[in-house]
Every structure is written in C-alpha cells, then in structure tokens.
Amino acid sequence: MSLEQQGLLLVWGMLVGLDLASVPQAMIARPLVAGVVAGAILGDVGTGLRLGVVFELLQHDILHLGAVRYPEYGPATVAGVSVAHAATGALGIGFGAVVGLFTGLLGGVSLHALRRLNTRAVQRASDALEAGDAATLVRLHVTSLARDAARAAFVTAVGLLLAAGVRGFLVGTLTVRGAMVVAAAATGAAIAAGAAGTLRLVGGRATLGWFAAGLLGGAAGAWLK
Amino acid sequence: MKPPLGRTLLRLFTVQGSWNYERMQGVGVGVAEEPLLRDLAVSRSAAAYRAAVARAAHFFNAHPYLCGMAVGAAARAEHDGTPPDQVERLRTALCGPLGSLGDRLVWAGWLPLNSGLALVGVSLGLGWWTVVGFLALYNAGHVALRWWALRAGWARGMRVAEALRQPVLQRAAAVVGPGMALAMGAALPLAAGYLGGPFPGWARALVAGVAGVGLVLLRLPRLGVTGLRFGLGVVAMALVVGWAWR
Amino acid sequence: MSIKLFRIDDRLIHGQVVVGWGQPLHVGFIVLVDDAVRASPVEQELYRMGVPPHIDVIFASLAEAVAQLPEWDADPRPGIVLAGDIATLAALTENCHRVTRINVGGIHARPGRSERLRFVFLSDAEVEQLQRLAARGVEVTAQDVPTARPVPLAEFT
C-alpha cells in the first residue's frame, strides 16, 4: 500500500466519520458505501464490497434511541478494508472484522468524549448564548464541527495503524484454515446482528408477513444462484 | 422580503455538528434559524433579534432531518410576534412528534429499506453500481424531507400541527414499514449466500452455527449482548481456535 | 396499583417515554400533568401525535390531577404519570401515601442549574425539593430508559 493510498484512506475515513452525525448525514457513513470507496482507493472493490456487507449487517443491530452509546462502523470499515485487502478473497474478511470491530468500539468511545467536550464548550459560552450573540453561536458550532473532523481522522488513523499491525504480525501466524475459522465466525456474527436488528424493527403482524415474504424470495434467489 | 430558506437549509445539514449533552441539537438549531431571524433587527429591534437568537439555541432534540420544521415554525412564530414563552413551549412540544415521526419514517423505514435493497443488489453481483443507486435513492428522499419540513414549518408557524397531520405522511409511513420488512427479509438470505459462498462446507456450517447462536443471544435483551460485543467475543475465540488448529 | 411510573421529564412526552417505557410496561394511558399544556389545544395536539393510537393521553392541570389520581390508579390498564418539573409532581404526591417511587427521567440545562448526571441538571433549590420527597419516604431515582441503571438520589445530589 502506497503512502498516497494511506493518505486517501485517512481523508475518506474522516469524511465518513463526519457524515455519521455531523454533516451532511447523507449515509456515506454506511459501511457499504465506506467500504466500496475504500476498496476503490486500494484498487480492490470486491473486498470493499464484501467487508462492507459484513459491517452493513452489523450496523442493523444499532438502534438510535436517545443518547445511548453505540459503535461507529464507518471509519472502522475503511480501516478493515485496508487489512482485508492484504489477504486473498474471502479469507481477509476475518482480519478485516478484527480491525473493524476494535475501531468501531473506539469510534463509539470517541463520540462520547467529543460530546463531553462539546458540552463543556457550550457551558463556557452560556452567557454569550443567553445574550443572543450570533457570532459566538456560529463560532461554537464551527469549532465543534472541526473537533468532530479531528476525532474522525484520529479514529481512522488508529484503525489504519491497527490494520498495519495485524498485517505485519497476525496475518502470517495463521494458516489458511485458521484464517477461515476467523472469517466464518465474523460472517456468522454479522448475519446474526443483521437478523436481530431487523426483527426488532419488524413489529406488527402485517409487517411480519412482508418480512416472511421477503425471506422466502431471498432464500429462493440465493438457492437459484 | 424573501426569507433565506436556502441558507437555513444548508445550515440544517450540519444541525447535529455541535451535539452535546446540555442542549443536544440546540446550538445547531440556533445556527440554522439565525438567518431567518435577521430581519427582526430591522422590523423590530436589535434586542428583539438577539432575544430570538438566544431562544433558538435553547435545548432541542428531534430527528435531524425534521429539525427544519421546528426551525421554520419557531422563526415564523417570532415574526408573528408570538409571546416568547409560547415559542419556547412550541419548540418543546415539537421534540416528541418530530422525533417519533423521524424514527418511524427514516431510522426504522427509509434507511433500512434502502440498505436492504443495496444488500440485495450487492449479493446479486451488481457491484459498486448498487452503492451509487443507494446514495441517489436514499438522498432523494432525505433531501426532499428536509426541504419539505423547513418549508412546512415556515408556512404555518404556530399552526405547524396541520403539516404533521397531512395524510401523505401517514401513507408514507404505511408504505415504508412493509417495504423495509420485505427488502430486509430478502437481503438476509441473499447476503448470507453471498458471504458464505466462497467457503467450503465445514466453514459454512460454522457460519450457520455462529449466526444461530448469535441470533438467540441477541434476541434475549436481558443478557445485554450487542452485535459489537458478540462479534468481538466470537472473533476472539475464533482467533484462538484458528491459531491452535494447524 | 395501576400507575407504574411517576416520572419527571421536562421534555414531557417523547420517544423515551412512549417507546422506552411504554412498550415494556404495556402502557394503556399516559397522564400529562401540566397547567400550561392543559390550557393549550395546539400543544395537546402535538403531544398526542407522538403517541400510538392504542395509548390514551390525558391532559390534566395540577388541581384536576390531585382530584383524579385515585380514579387513574384504579384503572385496570397500566399507566404513566408525567410532569415537567419537580414541584408539580411533589405537589401531586404530597397527600398520596401510595406513591413510593419517583423517576427522574430528564431535567435539562437552564441558567442556575448545574450538571448532576448526563440527563439531570438541577439548581440547589431543586435538589432540596427532591431531598424533601426522599425524606417523606419516597424512593427517588434517576433513570432515562428502562435498560439503564436507576441511580439513587444520594449519588447525583
């Protein structure tokens, strides 16, 4: 991986992290989007799609209720793709998942820390805000946006470092069979999370019927393929 | 004067950029509303403008795509000379319905619907075009919703409840829910087939076993298992097994 | 007793109340005790919109609530009583010895208040109000959603 590619991944991870909550929430933070573009940067769209699907399924397990803490899978997918790309085919999925899950955990923790910093900044500015000082209001907002950009870049950078570590030390120590165990376990976990998250959303009897119809159609399609 | 709704819309795209535990989206809402309040300084007084800006930045929390409705309604109410405490109470009252409508329409509807369609597309081998389609379709709905919300709020002010009563919203919610269920229902087996396809038989059995155990654990909320925790645990175990099994 | 939750939440009816508590408690009605909302049809309509049709919403002034509390408590359906500030709920439960627990669900920042928990900001006077409630034998805990840990009063004041 060249230095230019690393730089591009870092910038992309930052944009993805910003999109999650701050700006513009156009869902480039979705793992499928984050993964494909990361794959394209590395010239390996296939791996980007595959790991993107894994984390997209995991993402369905997250409910946005209140200010509950949740993992952040966008920059995590970017970092994961950078390691999954190092192993051939589906084998890299396991390594990508290891890096992605840890980076996702870190992303969630960093979001909480960011919100604490924002809270303190708002408290400091409270007199000016109560006086209706528009300049302070806008400055506060822009500073917070910049803080989130720095946070997203930091999380992506740590993820990329972790990926480099896994590439250097872990990938070589596992046999093909060993790597496959890890990949299969990660895939199973993703399917479980996707199914559990969907079942939580599918409430009434009417929607359950539609879900069952989709399930049948999808199963038939998968079997035909 | 023509209200600067375009500028407010642009600012609304950053509405959660300063999310914090004290005012939640309040600061972002204030930043977005401020352009709509500027002519209060001319039509009334500089003090009236500043007082309105201060109110606009108070605590607020709702669905980010629908914040515009509160921004528009509160700004219009300020222009109409509504008493300050009523403007504040309107903002408080809007948090609940705008939050629950957005949850139903977007977080539990439009977003998983589009994500499901994208998973189906990728699993069927349509490649990165699926992702382009996902972004185009999802954001057509996303941007339209933001724009509609802002304009509906600005048009009605204190009577904003009328906009929320519109039958088109109920119809959208009635379509998006079943659509999401259908798309995700189809996506799950297809994605499982796509991800499991390259594995040999024993590894596919492992995928199925882990997925089954995981689904049971995740369906028991009392255990406190989340997708992240389950994923980390299972991958850690797999690393040990994979390292030992030579 | 029919009323499962006495809650103080300055956002009144919102997702945490309806979905977070309403679903696991199988709530059939929500009583919102607030003099200003009682007087404002516009606000009542907005609050009702956030609630699914199978849950009744009752808007009451403090005086009405004091009179009708025994009636709600005899309702066969589980219910939630909600007020936006401590004073209202304290006044409502003053003469009702059956109220043994009060849930502080969300009191947000305002000048004069300081942060006690992520979702609880209190002035010193409000802390005293809560402590007086506790002194009467009411168990006061802070908890935004049912999956979170109930924080005892002593830990956040």
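Residues numbered from 1 in each chain as written. Chains lettered and ligands numbered in written order. Predicted model: local features only at pLDDT ≥ 70, side-chain atom pairs only at ≥ 80, totals over all residues.

A few points about the domain arrangement of chain B
We apply this condition: Residue ranges labeled as domains rest on an automatic or database domain assignment.
The domains assigned to chain B are domain 1 (5-198) and domain 2 (199-246). For domain 1 of chain B and domain 2 of chain B, the distance between their C-alpha centres works out to 37 Å.

Some remarks on the nonpolar core
Put simply, the rule is: Think of a nonpolar core as buried Ala, Val, Leu, Ile, Met, Phe, Trp, Tyr and Cys residues chained together by C-beta atoms that fall within 7 Å. Buried residues are those with 20 or more other C-beta atoms within 10 Å of their own C-beta, exposed residues have 12 or fewer, and partly exposed residues lie in between; C-beta atoms are placed from the backbone. Runs of H or I in DSSP of at least four residues are treated as helices and runs of E of at least two as strands, each being numbered from the N terminus. Contact between two residues is assigned when their C-beta atoms, built from the backbone, lie within 7 Å.
Counting 203 residues, the largest nonpolar core has Val54 and Ala185 of chain A, Ala70 of chain B together with Leu82 of chain C as its most contacted members. Looking at which element gives the most residues to this core, the answer is helix H6 (residues 84-123) of chain B, with 17 residues. When we break this core down by domain, the ones giving at least three residues each are domain 1 (5-198) and domain 2 (199-246) of chain B. Setting aside its immediate chain neighbours within four residues, alanine 70 of chain B contacts Val29, Phe60, Ala62, Arg91, Leu94, Leu98 and Gly153 of chain B.

Describing the confidence of the model for chain A
Note the cut-off: Scored from 0 to 100, pLDDT records how confident the predictor is in each individual residue.
Residue-level pLDDT values for chain A average 93, and 97% of them are 70 or greater. For chain A, helix H9 (residues 205-224) of chain A is the element with the lowest average pLDDT, namely 93, and helix H2 (residues 31-41) of chain A is the one with the highest, namely 98.

Some thoughts on the packing of helix H3 (residues 45-59) of chain A against helix H4 (residues 74-84) of chain A
Each packed pair of helices is defined by two parameters, the angle between the axes and the distance between the axes. Residues and elements named next belong to chain A. Test applied: Axis lines are fitted through C-alpha atoms, for helices just across the contact stretch, and the angle between N-to-C directions can take any value from 0 to 180 degrees. To sort the angles, those under 35 degrees are grouped as roughly parallel, those over 145 as roughly antiparallel, those from 65 to 115 as roughly perpendicular, and the leftovers as oblique. Take the far helix as your reference; a near helix turned counterclockwise from it by less than a right angle gives a left-handed crossing, and one turned clockwise gives a right-handed crossing.
H4 packs onto H3 with a crossing angle of 135 degrees between their chain directions and a minimal axis gap of 9 Å. Between H3 and H4, the angle is such that the two are oblique. When you trace H3 past H4, the crossing you get is right-handed. Residues Thr47, Gly48, Leu51, Gly52 and Phe55 of H3 lie in contact with H4, whose contacting residues are Ala76, Thr77, Gly80, Val81 and Ala84.

Description of the pairing of strand E5 (residues 101-106) of chain C
Residue and element names in this part refer to chain C. So the rule is basically this: By this definition, two strands are paired if DSSP reports at least two bridges between them.
Judged by how many residues are buried, E5 sits mostly within the fold: five of six residues are covered. Pairing analysis gives three bridges linking strand E1 (residues 3-9) to E5, with the strands arranged parallel. Considered in E5, the bridge of aspartate 9 is made with glycine 106. With four bridges connecting them, E5 and strand E8 (residues 139-142) associate as parallel partners. Counterpart to arginine 101 in the pairing with E8 is glutamate 139.

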